[in-house]
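# A structural walkthrough
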Amino acid sequence: MTHIFLYGPSGSGKSTIGRIVARSLKLPFIDLDRVIETNAGMSIPQIMAQQGESAFRDLESAALKEIVGHASSVIKIIALGGGALLREENRQVTESNGNVVVLTAELNTLFERLNKNSNHRPLLAGDLKTKLTNLLEKRREHYASFALKIQTENNSAKQTAHRVQIALGRHRLSAMGEYDVIVEQVGNLPYGDIIVTDENVAKHHLKKFNIEKSIVIPAGEEHKNLETVSRLWNAFLENGLDRKSTVIALGGGVIGDLTGFAASTYMRGIDWIAVPTTLLAMVDASIGGKTGFDLPEGKNLIGSFHPPKLVLADVSLLRTLSDRDLRSGMAEVVKHGIIADPELFAWCSNGMDWVKNNLEEIVKRAMAVKIRIIEDDPYEKGIRAALNLGHTVGHAVELVSGFTLSHGESVAIGMVVEAAYAVRVGAASRGSDEAIESTLSKLGLPTRIPDGMSHEAIIRAMRVDKKRFAGAIRFALPVTIGKVELVDATDLESVLATET
Ligand SMILES: NC(=O)c1ccc[n+]([C@@H]2O[C@H](COP(=O)([O-])OP(=O)(O)OC[C@H]3O[C@@H](n4cnc5c(N)ncnc54)[C@H](O)[C@@H]3O)[C@@H](O)[C@H]2O)c1
């Protein structure tokens, strides 16, 4: 059971932040100190005064075991006392039953927060500043020994709670219904009747899953069409799927889009779970509920909004991904950095070796950008359109290349073209376009429309693009790293102009 334990010195905000995280994930919150008090029938200062610290620690160990030993399979958010894991036995109990997140803050911040009310903290009674200094000094190494630490300084409790969720890779999306997005190693799947996957993924990963039935389709964008959707509907029927069945999409964005669409229409809609296996699908395609397939005239022209019931992202599945597909996924990561996370964008400038060594962090950060946008605007009435950055030109380039350029490669080209256009029309100042081009180059992604590719054909493809409003095409343009603006353009030749 992967409980979430919040730990750290008094005043670091464990209970406040724990409550916010619990509310956001729709999970129960438990304050260990309150359990101890209830069990003992007296307050912690009374326990300390009457029975001493050692007896209090015994009660603490017993309460902790009681909570994690509870037969219920519900994950809990548990705020621990500031010294609860000094006992090795307690540390083992927490680390073998979940993740421990240590919240930290500077002495002065803790002092200010605690000064308001230190009465119920007997270890800090008396000269608060001296006591706190000594306690922190004594426990410095102890707190430092935990892998997951979040600095709470200069952040509101809500911001810190959000950072805790990002670090843990746990979100509950409220957009077109509710579903969990979880980054963790996928052992057995919680439920599901049939897996849809492609030949490449099946070869590496299908046997890992505890679902007997599977449909294996050929890999590649060229199969993201009505014929494959029809094949999936028939296979669902042949395998006896009914309205209560759940389909698992194990694969990249193509598998997710096709499976999600087939699930959204089969018997007027059945459930599906996304187990993304490409970087692109983890940080982008699996989140947000857009499903669909391509027509010869353009990409994703037919589709539906039908979010999965659960997204399980296991970063270890990316180990078998080709270098090209990993780079391709990085285009969407860069996009998310440009839209809302300058630090993530800066990480991308470190190049592919750094990326490979920090993949889990990158997945978690990039996912968080998309999740936030989806929650604000599930049906793309406004800000969700920011996610189209690089895609208007990108989709067209991908189509005109006959899919010899991958989705991510095309989006990389699209972002550079659109960033240059943003500078030309004065929406962005010079520099952001160069930063975007340089970062994408460092990741080994293409940044120019291939020589010889017809601009006329690209413009034709853009005109079919679904983001067209009354003759104009809406572009998501990067204003600066961390901000995107929606701008309508009618003169499409001028969008591609630097490329002539
Ligand atoms: N629904 C959305 O919101 C959304 C968002 C972005 C992109 N998309 C769509 O996603 C698609 C692109 O996704 P993609 O880049 O994941 O393409 P993809 O699904 O074609 O996967 C790329 C290649 O990697 C292989 N592969 C997948 N996982 C692997 C693994 N773990 N090990 C080895 N090989 C593996 C696949 O077989 C395929 O050959 C496009 O069709 C795009 O339109 C959808």
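Use the structure listed above.
Residues numbered from 1 in each chain as written. Predicted model: local features only at pLDDT ≥ 70, side-chain atom pairs only at ≥ 80, totals over all residues.

### Some points on the overall build of the chain
Check the secondary structure of the chain and you find 21 helices and 17 strands. Against the compact-globule benchmark of 23 Å for 500 residues, the chain has a radius of gyration of 26 Å, which places it among compact chains. Overall size of the chain, expressed as C-alpha extent along the three principal axes, is 85 × 60 × 40 Å. Within the span of the chain, comprising 500 residues, buried residues form 46% of the whole. Counting contacts in the chain only where the partners sit at least 6 residues apart, residues at least 24 apart contribute 71% of the total. (Helix = DSSP H or I, 4+ residues; strand = E, 2+ residues; numbered from the N terminus. Rg over C-alpha atoms; globule rule 2.2 N^0.38 Å. Buried ≥ 20, exposed ≤ 12 C-beta atoms within 10 Å, placed from the backbone. Contact = placed C-beta atoms within 7 Å.)

### Side note on the packing of helix 17 (residues 391-400) against helix 18 (residues 407-424)
Relative orientation of the contacting elements helix 17 and helix 18 amounts to 135°, with a least axis distance of 7 Å. For the element pair helix 17 / helix 18, the angle class is oblique. Viewed along their axes, helix 17 and helix 18 form a crossing whose handedness is right-handed. Residues His-391, Thr-392, Val-393, Gly-394, His-395, Val-397 and Glu-398 of helix 17 touch helix 18, and the partners they reach there are His-407, Ser-410, Val-411, Ile-413, Gly-414, Val-417 and Glu-418. The residue inventory of the contact of helix 17 with helix 18, partitioned by class, reads 5 nonpolar, 7 polar and 2 charged. (Axes fitted to C-alpha atoms, helices over the stretch in contact; angles between N-to-C directions. Parallel < 35°, antiparallel > 145°, perpendicular 65-115°, else oblique. Left-handed = near helix turned anticlockwise from the far one by under 90°. Nonpolar A, V, L, I, M, F, W, Y, C, P; charged D, E, K, R; others polar.)

### Some thoughts on unusual backbone geometry
For Lys-26, which is not glycine, the phi torsion reads 55° and is therefore positive. With respect to the helices, strands and loops of the structure, Lys-26 is situated in the loop between helix 1 (14-25) and strand 2 (29-31). Even without being a glycine, Arg-268 presents a positive backbone phi close to 65°. Positionally, Arg-268 belongs in the loop between helix 11 (253-265) and strand 11 (271-276).

### As for the sheet that holds strand 5 (residues 149-151)
Ordered by their spatial adjacency, 5 strands build an open sheet running 2-3-1-4-5, and the pairing between neighbours is parallel. A single partner strand is all that each edge strand has here, and the edge strands are strand 2 and strand 5. Within the sheet, the average angular offset between the axes of one strand and its neighbour, ignoring direction, is 25°. Of the strand pairs in this sheet, strand 1 (residues 3-7) and strand 3 (residues 77-79) are connected by 3 bridges, and their pairing is parallel. Considered in strand 3, the bridge of Leu-6 is made with Ala-79. Helix 1 rests against strand 1, strand 2, strand 3 and strand 4 (98-104) of the sheet, and its axis sits at about 175° to strand 3. (Pairing = 2+ DSSP bridges.)

### Re the site of the ligand
Around the ligand, 31 residues are found, and the nearest of them are Asn-200, Ala-219, Gly-252, Gly-253 and Thr-278. For the shell around the ligand, the secondary structure elements donating two or more residues are helix 9 (199-205), helix 11, helix 12 (279-285), strand 13 (298-305) and helix 13 (323-340). When its residues are assigned to classes, the shell around the ligand shows 10 nonpolar, 13 polar and 8 charged. (Near = placed C-beta within 6 Å.)

### Let's talk about the sheet that holds strand 14 (residues 310-313)
Note: strands within a sheet are paired through backbone hydrogen bonds, in either parallel or antiparallel orientation. Strand order in the open sheet formed by 7 strands is 6-7-14-11-10-8-9, and the pairing between neighbours is mixed. The two strands at the open ends of the sheet, each matched to only one other strand, are strand 6 (170-174) and strand 9 (214-217). Neighbour-to-neighbour, the strand axes of this sheet turn through a mean angle of 15°, independent of strand direction. Sheet topology places strand 8 (residues 194-198) next to strand 9; 4 bridges connect them, and they run parallel. Bridge assignment links Ile-195 to a residue of strand 9, and that residue is Ser-214.

### Quick notes on the packing of helix 6 (residues 107-115) against helix 7 (residues 128-144)
Helix 7 packs onto helix 6 with a crossing angle of 130° between their chain directions and a minimal axis gap of 10 Å. For the element pair helix 6 / helix 7, the angle class is oblique. Considering only the axes of helix 6 and helix 7, their crossing is right-handed. On helix 7, the residues that touch Leu-107, Leu-110, Phe-111, Leu-114 and Asn-115 of helix 6 are Leu-128, Lys-129, Leu-132, Thr-133 and Leu-136. Grouping the amino acids of the contact of helix 6 with helix 7 by side-chain chemistry returns 7 nonpolar, 2 polar and 1 charged.

These figures come from the coordinates and say nothing about function on their own.
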